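Residue-level structure breakdown
The chain contents come next:
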Amino acid sequence: MTEDTPSSSDANLILVLGDQLSPDLPSLCAGDPDRDIVLMAEVASEASYVPHHPKKIAFLFAAMRHFAEELRNEGWRVRYVELEDTGNSQSLSREVERALEDLPGHALLLTEPGEYRLKTELEEWAERAGTPMRMLEDSRFIASHAEFRDWADGRKQLRMEYFYREMRRKTGLLMHGDEPEGGRWNFDSENRKPARDDLFMPRPLEHRPDETTEAVLDLVERRFGDNFGRLKPFWFAVTRAQALDALDHFAEEALPCFGDYQDAMLEGERFLYHSVLALYINAGLLGPLEVCHRVERAYHEGSAPLNAVEGFIRQIIGWREFVRGIYWMQMPGYTEQNFFGATRPLPDFYWSGETDMACMAAAIGQTRDEAYAHHIQRLMVTGNFAMLAGVDPHEVHEWYLAVYADAYEWVEAPNVIGMSQFADGGLLGSKPYAASGNYINKMSDHCAGCAYDVKKKTGDGACPFNPLYWDFLVRNRKKLGNNPRLAQVYRTWDRMESDRQSEYLDSARAILDRL
Ligand code: FAD
Ligand code: DLZ
Ligand code: SF4
């Protein structure tokens, strides 16, 4: 542990969390380097509340150590507790307590934690300890809690698209006065093409680990090497400067095709035209608005088309802000929601990758290697399968929270519990993202090399997504039968011969029994 001890009354202990690595963090802006001390701590409680992917832990610890160094260079005194330091109590609240014992008279100052769990832990600790604590709102988000609540209040349905328009107006991104650039708010109708493997494929910018990162890699290998996921090769950015380079690289190389191939999947192409920036934005190395401004600049300079730029900006000022609003409106309790009453344990192959479904093997295999899968793999492959198979959404939630380098509950839970599993009964989406093999075949090239036949609907060798799709709809008809967006699908089922219906349900039963 490294620290310098000043003696000052009215001084603050500023707790900076692993996903608060931003120079413009409100608690740092409110602090004074001549008076206050920054506390950062690597602790087992955060590193193991789910079995995080080793790459995720290494990324955060390395980024935390680099950030602490940058703060010191700017004149801050930093008390940095490494995971294996003698005396490390291995929990953030106890590390605050330990630091305050050494720094009597200091008050605790922090920016609101992203996760409800940790916010509650710290609030309860401060109350018990009788320690003065000032928790500032996290202004790195575009919409404050109050703004989201005001927007949501009195609406029968919360739909991202309308919230997104508010965020466009608020930020002025892609706006001409009150009018959206190009005359429309949303250019998705021009997106979502399947990709071809003869297209030029950029790769995200890779960074070589320096000495600090190598030390973290050794630590993580020793302490978390048995967790699901490969630690090496490790190429993530671990400083803001590197993350800014990754942003430039994305804007120049991949952004122009981002919209067109946003929903595509290709065997062996793990990143396609995605940015792989969520882990940097969520940890604070990049600000969401600066990312959007960089991307908007590419449009104004003529190097990226409007459908790509609008689609990308929508993900950040639309979806990212919207899911955060839902999370804080719904917690506590959101992660326990289970609209369908699904109880099946998560199949083992989510951890082993051993499945002969080619699409699932690709998504899980790259998750193991990269701590990354793109949106459609998360939603329409691993998420879709879990929902169709009736897996307990809480188990699904814990898997996603563990395996992705960008996963924090405030963003992961609404995407998993809400968008992907429909476990909130339709708060976040108007219908479940359920799909048969046909969707995956249209958007990918996985089926050509699969042990199953995507065209075969039932019986031996049929693509499992096909019978499971119908079984899911039939099993949950009481809950979904009145959904107008599913009326046509249920009509198709009702028109089916009863023998055919039985074949679907029998095939589904056989698959589920084997899981
Ligand atoms: P890109 O495809 O390049 O998109 C650009 C940026 O938009 C992302 O970096 C991210 O900041 C933002 N974004 C895009 N979609 C979403 C979304 N639905 N919600 C919030 N932000 C979005 N995102 C996370 O950041 N953390 C998670 O733990 C997470 N879990 C998910 C679980 C499921 C089941 C699903 C369906 C989606 C999840 N997402 C999560 C959203 C999205 O899949 C990831 O943000 C994205 O895949 C990250 O890769 P990227 O940076 O290459 O994103
Ligand atoms: C995810 C994570 C991990 C793995 N380790 C730490 C840690 O040791 N110290 C820390 O301050 N933060 C860590 N984090 C990030 C926290 O879990 C995150 O700040 C909370 O979940 C709030 O979003
Ligand atoms: Fe996936 Fe079915 Fe296609 Fe195989 S056939 S890759 S299981 S969708």
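Owing to the predicted nature of the structure, the values given are computational and were not obtained by experimental measurement.

Once that is clear, we can look at the site of ligand 2. Close contacts around ligand 2 come from 18 residues, with Asp19, Ala41, Val43, Glu46 and Glu115 the closest. Taking Gly18, its main chain carries an N or O atom lying 3.1 Å from an oxygen atom of ligand 2. The side chain of Glu46 places a nitrogen or oxygen atom 2.6 Å from an oxygen atom of ligand 2. When the free accessible area of ligand 2 is taken as 490 Å², the share hidden by the protein chains comes to 100%. Put simply, ligand 2 lies in the largest cavity. Put simply, the parts of the chain that give the shell around ligand 2 at least two residues each are helix H2 (44-47), helix H3 (54-73) and helix H5 (116-129). Here the shell around ligand 2 gets three residues from one element, more than from any other, and that element is H3.

Right, let's get into the site of ligand 3. As a structural note, the neighbourhood of ligand 3 is formed by Met357, Ala358, Cys359, Gly437, Ile440, His446, Cys447, Cys450, Tyr452, Val454 and Cys463. At the level of elements, helix H15 (358-370) and helix H19 (437-443) are the ones that each hand at least two residues to the shell around ligand 3. When its residues are assigned to classes, the shell around ligand 3 shows nine nonpolar, two polar and no charged.

For the structure shown, the criterion picks out six cavities of 30 Å³ or more. Of the voids in this model, the largest cavity is the one considered here, and its volume is about 330 Å³. If you go around the largest cavity, you meet 23 residues; those closest to its centre are Gly18, Glu46, Tyr49, Leu60 and Tyr408. Going through the elements one at a time, H2, H3 and H5 are the ones with two or more residues in the lining of the largest cavity. When residues of the lining of the largest cavity are assigned to their parent elements, the largest contribution, five residues, is made by H3.

Viewed as axis vectors pointing N to C, helix H9 (residues 240-253) and helix H12 (residues 288-300) meet at an angle of 35 degrees, and their least axial separation amounts to 10 Å. Between H9 and H12 lies a crossing whose hand is right-handed. The residues of H12 that touch H9, namely those facing Arg240, Leu244, Leu247, Asp248, Phe250, Ala251 and Glu252, are Glu290, Val291, Arg294 and Val295.

Right, let's get into the side chain of Ser89. Here Ser89 lies in the loop between strand E3 (77-81) and helix H4 (92-102). Assessed through its relative accessible area of 19%, Ser89 is described here as buried. In this structure, Ser89 is in contact with Arg94, Glu95 and Arg98, ignoring residues within four places of it in sequence.

This brings us to unusual backbone geometry. Of note, the amide linkage connecting Lys232 to Pro233 takes the cis form, showing an omega dihedral of 0 degrees. Between Met331 and the following residue, Pro332, the backbone shows a cis peptide bond with an omega angle of 0 degrees. Looking at the secondary structure, you find Pro332 in the loop between helix H13 (306-330) and helix H14 (349-352). Even without a glycine there, the phi angle at Gln90 is positive, about 70 degrees. Within the secondary structure layout, Gln90 lies in the loop between E3 and H4. Here the phi dihedral of Ala371 falls at roughly 55 degrees; this positive angle occurs in a residue that is not glycine. On the secondary structure map, Ala371 appears in the loop between H15 and helix H16 (375-389). Residue Ala371 is classed as buried on the basis of its relative accessible area of 2%.

Core analysis: the biggest nonpolar cluster contains 162 residues, and Phe59, Leu255, Leu277, Tyr280 and Met360 have the highest contact counts within it. In terms of residues, this core owes the most to one element, H13, which gives 12 residues. In this structure Leu277 touches Ala246, Leu247, Phe250, Leu286, Val291 and Phe312, once residues within four positions along its chain are discounted. Counting residues in each nonpolar core, the second largest holds 19 residues, with Val81, Ala99, Leu122 and Ala126 among its members.

Strand order in the open sheet formed by five strands is E3-E2-E1-E4-E5, and the pairing between neighbours is parallel. Here the strands that pair on one side only, and so sit at the sheet edges, are E3 and strand E5 (133-136). Within this sheet the neighbouring strands show an average axis-to-axis angle of 25 degrees, counted without direction. Judged from the five bridges that link them, strand E2 (residues 37-41) and E3 form a sheet pairing that is parallel. Residue pairing for E3: Ala41 is matched across the bridge by Val81. The sheet contacts of H3 involve E2 and E3, and relative to E3 the element is tilted by about 160 degrees.

What counts, and where the lines are drawn
Residues numbered from 1 in each chain as written. Chains lettered and ligands numbered in written order. Predicted model: local features only at pLDDT ≥ 70, side-chain atom pairs only at ≥ 80, totals over all residues. Heavy atoms only, no water. Near = heavy atom within 4 Å. Polar contact = N/O pair within 3.5 Å; in protein donor to acceptor, adjacent residues only side chain to side chain. Areas by Shrake-Rupley, 256 points an atom, 1.4 Å probe, with all protein chains shown as cover. 1 Å grid on protein atoms, 1.4 Å probe; cavity = no way out; pocket = protein on both sides within 12 Å on 5 of 7 lines; lining within 4 Å. Sits in = over half its atoms within 2 Å of the grid points. Helix = DSSP H or I, 4+ residues; strand = E, 2+ residues; numbered from the N terminus. Nonpolar A, V, L, I, M, F, W, Y, C, P; charged D, E, K, R; others polar. Points joined across faces, edges and corners; volume = space filled by probe spheres on them. Axes fitted to C-alpha atoms, helices over the stretch in contact; angles between N-to-C directions. Left-handed = near helix turned anticlockwise from the far one by under 90°. Contact = heavy atoms within 4.5 Å. Buried < 20%, exposed > 50% of the residue type's maximum accessible area, 1.4 Å probe, protein only. Core = buried A, V, L, I, M, F, W, Y, C linked by side-chain atoms within 4.5 Å. Pairing = 2+ DSSP bridges.

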